[in-house]
Amino acid sequence: MMKTYYYLTKPGIIMGNLVTTAGGFFLASKGVVDYSLLLATFIGLALVIGSACVLNNYTDQDIDRQMERTKNRALVTGVISGKSALIFAAVLGFSGFFTFAFFCNWLTAGVALVGFLIYVLLYAMMKLRSIHGTFVGSLAGAVPPVIGYCSVSNRLDIAALLLFVILVFWQMPHFFAIALYRFQDYFAASIPLLPVKKGFYKTKIQMHLYIIAFCVATLSLTYFGYAGYLYSGVALFLSLIWLILCIKGLKAADDAIWARGMFRFSLVVITVLFSVLSIDGAKNSLLVHTQKQVYSGGLVGFR
């Protein structure tokens, strides 16, 4: 039974979000890492996302019954009751927000709360009513790296904004790829995703535009001095490969196979990018800090 509750939290989603959270955390740490704070941030995030995913399972029961890949979920089959799921979600959520407020800071807790509410309220309402539900969902999904950044810095600045924008632009082609290769499921459940309402070609064009925007956003971290040239080089390389794969999709013989490949590569993009950001952002911050000390010391010495 415990294993069933565990899967209700969608651990794969939690693990993916921990990667982007770590990127934001290490970027703000500037080479001086507080590992106890990192652990608290990870725990708080896992609890809050777990709570949101359990609530998502609860609200999506009718949809899940109509989709092949979700029809055997615990709430659909009755293995776990709706009441038990709500209690479980409440315990996870309160524990997560307490962890953020007590061990991190109130700004981090507030940012997490905003993301949580967007996902469980606004996204839950929009995804069955509008093709723009995907974009609303991406707003919630872009919060984790900001949480990691704010946990250390306790402020919202340009770096936090850029991390948020990068994740929004990454998620859109990522989600569209899922919608394309699982088109039959979403069509059967009457979920108004872009490919269901506007067709595959328009969806592919949107993916091109978002990948270009993603490339610009990623490079902006280096432009504003928050990351180094190793990061920007990797970001540009990954973006170009991703864009080339997307262009090939315009003439794909099998859209489902192509879309699955796009989905898998999008995971590579975000994992590699934020791993490099964790390393290069910290190195760049240390270098800038050291240079400032040297220049300051030199000026004082000449006086």
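S.K.: Could you give me a rundown of the pattern of salt bridges, with the residues and numbers involved?
M.R.: This structure, assessed with the given rule, holds 4 salt bridges. Asp157 is the partner of Arg155 in a salt bridge, and the nearest nitrogen-oxygen pair spans 2.9 Å. Given a relative accessible area of 18%, Asp157 falls into the buried group.

S.K.: For the side chain of Thr41, give the residues involved together with the corresponding values.
M.R.: Mapped onto the fold, Thr41 is located in helix α3 (residues 35-59). Using a relative accessible area of 0% as the deciding quantity, one classes Thr41 as buried. Setting aside residues up to four positions removed in sequence, Thr41 forms contacts with Thr21, Phe25, Phe100, Cys104, Ile147, Gly148 and Ser151.

S.K.: Let's hear about the side chain of Ser153: which residues, and what values?
M.R.: Summarising the element assignment, Ser153 is placed in helix α9 (residues 143-153). On the basis of relative accessibility, which here comes to 16%, the residue Ser153 falls in the buried class. Within the structure, the side chain of Ser153 is placed 2.9 Å from the backbone oxygen of Tyr149, a separation counted as a polar contact. Within the structure, the side chain of Ser153 is placed 3.2 Å from the backbone oxygen of Arg155, a separation counted as a polar contact.

S.K.: Can you tell me about the packing of aromatic side chains, naming the residues and giving the values?
M.R.: Taken as a whole and assessed by the stated rule, the structure comprises 14 aromatic pairs. For the ring pair Phe97 and Phe116, a centre distance of 5.6 Å and an interplane angle of 85° mean the geometry is edge-to-face. Taken together, the positions of Phe97 in helix α6 (residues 82-104) and Phe116 in helix α7 (residues 106-126) put the pair 19 residues apart, joining distant regions of the chain. Like Phe97, the residue Phe116 is buried in the burial classification. Ring geometry for Tyr181 against Phe263: centres 5.7 Å apart, planes inclined by 55°, an arrangement best described as tilted. On the criterion of sequence distance, the pair formed by Tyr181 in helix α10 (residues 158-181) and Phe263 in helix α15 (residues 255-302) is long-range, its members being 82 residues apart.

S.K.: Kindly report on unusual backbone geometry, identifying the contributing residues and their values.
M.R.: Only a minority of non-glycine residues have a phi that is not negative, and only a minority of peptide bonds are not trans. Even without glycine at this site, Lys10 takes up a positive phi of about 55°. Structurally, the position occupied by Lys10 is in the loop between α1 (2-8) and α2 (11-29). On the basis of relative accessible area, Lys10 is assigned to the buried category, the value being 16%. Despite not being glycine, Asn154 has its phi angle at roughly 55°, a positive value. Its place among the elements puts Asn154 in the loop between α9 and α10. Overall, the relative accessible area of 46% leaves Asn154 in the partly exposed class.

S.K.: Break down the nonpolar core for me, with residues and values.
M.R.: Counting residues in hydrophobic clusters, the biggest one holds 82 residues, and the most contacted among them are Ile166, Leu221 and Tyr231. Here the element with the most residues in this core is α10; it accounts for 15 residues. Leave out the neighbours within four places in its chain, and Tyr231 touches Ile166, Thr218, Leu221, Thr222, Leu273, Val276, Leu277 and Asp280. Grouped together as the second largest cluster of nonpolar side chains are 9 residues, Leu8, Ala74, Leu75 and Leu92 included.

Definitions and limits used
Residues numbered from 1 in each chain as written. Predicted model: local features only at pLDDT ≥ 70, side-chain atom pairs only at ≥ 80, totals over all residues. Heavy atoms only, no water. Salt bridge = Lys/Arg side-chain N within 4 Å of Asp/Glu carboxyl O. Buried < 20%, exposed > 50% of the residue type's maximum accessible area, 1.4 Å probe, protein only. Helix = DSSP H or I, 4+ residues; strand = E, 2+ residues; numbered from the N terminus. Contact = heavy atoms within 4.5 Å. Polar contact = N/O pair within 3.5 Å; in protein donor to acceptor, adjacent residues only side chain to side chain. Phe/Tyr/Trp six-rings, centres within 6.5 Å; stacked < 30°, edge-to-face > 60°. Core = buried A, V, L, I, M, F, W, Y, C linked by side-chain atoms within 4.5 Å.

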